[in-house]
Amino acid sequence: MKLCMIGTGYVGLVSGVCFSDLGNDVICVDKDINKINSLKKGKIPIYEPGLSELVNKNYKNKKLSFSSDLRTSVKNSDIIFICVGTPTKKGGSSADLNQIYNVAKELSLSINKFKIIITKSTVPVTTGDEIEKILSKKNSKNKFAVISNPEFLREGEAIRDFTYPDRVVIGSNDIKSNKIMKNLYSPLISKGAQYVHTSRRAAELIKYASNAFLATKITFINEIANLCEKTGIDVEDISIGMGLDKRIGSRFLRAGPAYGGSCFPKDTRAIISTADKFKTNLSVIKSVIKSNQNRSSILLKRVHAILKNKVKNKKITFLGVTFKANTDDMRDSSSLIMIPALSKKGALIKYYDPTGFKKDFEKIKNVSYENTIKKSLEGSDLVIIHTEWNDFKSLNFKNMVKGKKFIIYDMRNIYSPSKIKAQGFKYFSIGR
Ligand code: UDX
């Protein structure tokens, strides 16, 4: 099938290349000409394991191409995926849909034969209805179908998540295009993915409700971890004991720093905003947002307590600063709150991250980047394991830094407390 992905950000690029790998002819479009030229040269703008190899393979065998000419690309395609960003509106909490509607306007001028127009971007309930209205101004209704097909890709695992999804959700009120979509996804359905066909509005809401639920699950275990710390209980035991109940499930039940990333913070805010519009109070999600916002200050208080309230001039090392492992994404990472707050209190901070230097800390006083783990640990008073990269999972701290013993605050519960303590280090973790 001939597909066109509009927007070569995370969603568009990963989905586009994966569709091309399934044998479709895919053209990825972006208005940023520099980005398109770089992609043609094999330069991938994001860090995602396996993506570069897959792009180069499919670009070479001509299943994948790149263009900045939206209209021609759309005219030559049958299925169009809208994959542009839907960030939070400046100064508000609802999703900014400007990019979506601008694309819809462009599309309305490019429909030369029947097209399936799909929103893959995360869009609030009724966005599909609005896109349909825009397209109808210049085209008759039998020339297009507007469908919602939300993505559930995790950064760092995106190719695997695309190839082996738990479910494919198609929100469409049109029988013909539903059949075409089922056919497009048939290689994934035959490998075990559930195909869920719903109304368009339901598909839009499934995405937000899923992300809000996962954010709730994480926040729930984070609060339980707070209680564990006060009662001498190991939160890992609680996660195992709860997770084995099939109704609960063990995934997304790992206590840690505040959740971050490009989706959970933005989508929880946006679903509240949609609910407000429809005069519905989503009180659970509201308190999840509040609890998560408060999470970094709880962890910072613990840092202060660990350092016996003497933070000034203490050398603190952050291992990992991204919001999670296997990504270079800093969006809404809790390190963006914790590092500046500690710097303000006079701490001297070094950080190491496998994805390198971060501009975000460039202007923060007394914060420097080290390009090896070893260098970042040297002279440290407190080492904070912030992100669960594999690189940090089997460090022999004793051999790495001779002499001085630092304190370790493992915010991802990577290490066994007894083993680390046996090496002579003071060790703190989350909820235990
Ligand atoms: C998320 C959704 O999982 C994905 O389906 C959606 O399409 C996009 O948003 P992503 O933002 O890549 O994906 O990250 P995810 O792996 O879900 O983690 C989000 C945050 O939750 C991270 O900060 C992570 O550290 C935290 N988290 C996750 C926990 O603290 N504990 C857990 O058990 C799981």
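Every chain's residues receive numbers from 1 upward, in the order its sequence appears when written. Per-residue local features are limited, in this predicted model, to residues with pLDDT of at least 70; the limit for side-chain atom pairs, both in listing and counting, is 80 or more; totals at the level of whole chains, interfaces and linings are taken over all residues. Calculation of side-chain values draws on the structure's entire complement of heavy atoms; hydrogens and water are dropped beforehand.

1. A few points about the site of the ligand
Part 1 of the reasoning: Proximity is defined per residue: if any heavy atom of the residue lies within 4 Å of a molecule or strand, that residue is considered near it. Near the ligand lie 18 residues; those nearest to it are Glu 155, Arg 254, Gly 260, Lys 324 and Arg 412.
Part 2 of the reasoning: Taking Phe 323, its main chain carries an N or O atom lying 3.2 Å from an oxygen atom of the ligand.
Part 3 of the reasoning: Here the accessible surface of atoms and residues is derived via Shrake-Rupley with a 1.4 Å probe, and residues count as covered only by protein chains that are part of the display. Here the ligand, which alone exposes 660 Å², has 96% of that area covered by the protein.
Part 4 of the reasoning: In this description a helix means any DSSP run of H or I spanning at least four residues, a strand means any run of E spanning at least two, and both kinds are numbered starting from the N terminus. Examining the composition of the shell around the ligand, we find that three residues originate from one element, helix H10 (residues 200-231), more than from any other.
Part 5 of the reasoning: Gly falls in the polar group here, along with every residue not listed as nonpolar (Ala, Val, Leu, Ile, Met, Phe, Trp, Tyr, Cys, Pro) or charged (Asp, Glu, Lys, Arg). Here the shell around the ligand is composed, by residue class, of nine nonpolar, two polar and seven charged. For the purposes of these results, a polar contact is taken to be a pair of N or O atoms within 3.5 Å, where, inside protein, one atom must be able to donate a hydrogen and its partner to accept one; residues adjacent in sequence count only when each atom of the pair is a side-chain atom.

2. A few points about the sheet that holds strand S13 (residues 407-410)
Part 1 of the reasoning: Strands sit in the order S11-S10-S9-S12-S13-S14 across an open sheet of six strands; the sheet is parallel. With one partner strand each, in any of the chains shown, strand S11 (367-369) and strand S14 (426-429) form the two edges of the open sheet. Averaged over all pairs of adjacent strands, the angle between strand axes in this sheet comes to 20°, irrespective of strand direction.
Part 2 of the reasoning: Strands are labelled as partners when DSSP assigns at least two bridges between them. Pairing geometry for strand S10 (residues 348-352) and S11, over three bridges, is parallel. The partner of Tyr 351 across the bridge, within S11, is Tyr 369.
Part 3 of the reasoning: Contact criterion: two residues are considered in contact whenever any of their non-hydrogen atoms come within 4.5 Å of each other. Working convention: axes come from line fits to C-alpha atoms, limited for helices to the stretch in contact. Angles between N-to-C directions cover 0 to 180 degrees. Relative to the sheet, helix H13 (residues 283-306) contacts strand S12 (382-385), S13 and S14, its axis offset from that of S13 by approximately 165°.

3. Topic: the packing of helix H6 (residues 127-136) against H10
Part 1 of the reasoning: The geometry of H6 relative to H10 is characterised by a closest axis approach of 8 Å and an angle of 130° between their N-to-C directions. The orientation of H6 with respect to H10, classified from their angle, is oblique. Within the contact between the two elements, H6 uses Thr 127, Gly 128, Asp 129 and Glu 132 and H10 uses Arg 200, Arg 201 and Glu 204.
Part 2 of the reasoning: Here the contact of H6 with H10 is composed, by residue class, of no nonpolar, two polar and five charged. Orientation is classified from the angle alone, with under 35 degrees giving roughly parallel, over 145 giving roughly antiparallel, 65 to 115 giving roughly perpendicular, and any other angle giving oblique.

4. Some words on the domain arrangement of the chain
Part 1 of the reasoning: The start and end points of each domain follow an automatic or database-based domain assignment. Along its sequence, the chain is carved into domain 1 (2-198) and domain 2 (233-432).
Part 2 of the reasoning: A separation of 33 Å is found between the C-alpha centroids of domain 1 and domain 2.
Part 3 of the reasoning: If you look at the interface, domain 1 gives 15 residues, while domain 2 gives 20 residues.
Part 4 of the reasoning: Carbon and sulfur atoms supply 47% of the area that domain 1 and domain 2 bury against each other, a total of about 1,400 Å² over both sides.
Part 5 of the reasoning: Two parts placed together each lose some accessible area under a 1.4 Å probe, and adding up what both lose gives the buried area. On the domain 1 side of the contact with domain 2, Tyr 47, Ser 93 and Glu 155 bury the most area, a combined 42% of that side's loss.
Part 6 of the reasoning: For salt bridges, the criterion is a side-chain nitrogen of Lys or Arg within 4 Å of an Asp or Glu carboxyl oxygen. Salt-bridge contacts for Glu 155 lead to Arg 331; the nearest nitrogen and oxygen are separated by 3.9 Å.
Part 7 of the reasoning: The interface formed by domain 1 and domain 2 includes five residue pairs in polar contact (both at pLDDT 80 or more).
Part 8 of the reasoning: In the side of domain 1 that touches domain 2, the residues fall into six nonpolar, seven polar and two charged.

5. Quick notes on the nonpolar core
Part 1 of the reasoning: Residues belong to one nonpolar core when they are buried, are Ala, Val, Leu, Ile, Met, Phe, Trp, Tyr or Cys, and are joined through side-chain atoms within 4.5 Å. We call a residue buried when its accessible area falls under 20% of the maximum for its residue type, exposed when it is over 50%, and partly exposed in between, using a 1.4 Å probe and counting protein chains only. Counting 36 residues, the largest nonpolar core has Val 14, Phe 19, Phe 66, Phe 81, Met 181 and Tyr 185 as its most contacted members.
Part 2 of the reasoning: When residues in this core are grouped by element, the largest group, seven residues, is from helix H1 (residues 10-21).
Part 3 of the reasoning: Setting aside its immediate chain neighbours within four residues, Tyr 185 contacts Phe 19, Phe 81, Lys 120, Asn 149, Val 168 and Ile 170.

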